[in-house]
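An overview of the molecular structure
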Amino acid sequence: MQVMDIIREKHRGASDNPGRFAAHTRAEADLALAEVTLQSAGGYGYTVVPGVLDSRARQALSEGQCVAFAVAVAERLDADTISVLVDTDGGDRICHAWVERPDGPEGRMVDSWGERDVTEYFDEFCDNRSEGCDDCDGCASGWGCDSPSDGEQGLDLRYIPVAQMREIESQPLGRGLPRQSWEDVRSFVEPLMKLVGER
């Protein structure tokens, strides 16, 4: 018998004091309500708990919800622009969005995985992109590489004002993005800031 089944059984009268288990039933209901599903670029859904920056949340925030997360981080850091890596092969599509720290050394980016060097990220992205271009599923997942000869071909780094990024779903550049979960994503900013630190 599962733990929650035992608690429910006791709550329903199998115990001398069923009222003492009422909090468990309430806690189970609260936990179920706290979970949300964030959509990824590949059409998958990640079930996450708002404010809990675990590996599932990091995946969701980097594989489809990166625009909403970058906007939330930019607002927190008081940044004016979002850095957007755009795939220009076959039309403009967003590969990834992040914030470059306005309060730190140049070339440091912040996304759901923390703070890191933009050049290292870009090199890693291009390496992964060129390795996955032999009729991979990447194009179907939103990367849109169309088999370039190297990972950098067809990529453009753009700096877009935060206000414009809020409207990205209604712009051509937002084509292919999943619905951005603007409010749910905001809950992951403070846990991230605790990890990357204030300046």
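Residues numbered from 1 in each chain as written. Predicted model: local features only at pLDDT ≥ 70, side-chain atom pairs only at ≥ 80, totals over all residues. Heavy atoms only, no water.

Attention now moves to the packing of aromatic side chains. Throughout the structure, instances matching the rule amount to two aromatic pairs. The interplanar angle of 65° and the centroid separation of 5.3 Å between the aromatic rings of Trp-98 and Tyr-121 together place this pair among those described as edge-to-face. Note that Trp-98 is positioned in strand E4 (residues 93-100) and Tyr-121 in helix H5 (residues 118-131), a separation of 23 residues in sequence. Each member of the pair, Trp-98 as well as Tyr-121, carries the same accessibility label: buried. (Phe/Tyr/Trp six-rings, centres within 6.5 Å; stacked < 30°, edge-to-face > 60°. Helix = DSSP H or I, 4+ residues; strand = E, 2+ residues; numbered from the N terminus. Buried < 20%, exposed > 50% of the residue type's maximum accessible area, 1.4 Å probe, protein only.)

With that settled, consider the pairing of E4. A large share of E4 lies buried, amounting to seven of its eight residues. Looking at chain direction, strand E3 (residues 81-87) and E4 are connected through five bridges and run antiparallel. Bridging from a neighbouring strand, Val-84 pairs with Ala-97 of E4. Across two bridges, E4 lies against strand E5 (residues 108-111) in antiparallel orientation. The residue bridging Val-99 from the neighbouring strand is Val-110, located in E5. (Pairing = 2+ DSSP bridges.)

Here we come to the sheet that holds strand E7 (residues 155-161). Hydrogen bonding along the main chain pairs the strands of a sheet, whether they run parallel or antiparallel. Strand order in the open sheet made by the five strands is E6-E5-E4-E3-E7, with antiparallel pairing throughout. The open sheet has two edge strands with one neighbour each: strand E6 (114-117) and E7. Averaged over neighbouring strand pairs, the angle between their axes works out to 40° when direction is ignored. In the packing of helix H4 (residues 66-77) onto the sheet, the strands contacted are E3, E4 and E5, and the crossing angle to E4 comes to about 20°. (Axes fitted to C-alpha atoms, helices over the stretch in contact; angles between N-to-C directions. Contact = heavy atoms within 4.5 Å.)

Tallied over the full model, the rule gives zero disulfides. Cys-66 carries a free sulfur, and the closest cysteine sulfur to it, the one in Cys-95, is 9.1 Å from it. (Disulfide = S-S within 2.5 Å.)

All we've got here are geometric facts, nothing functional implied.
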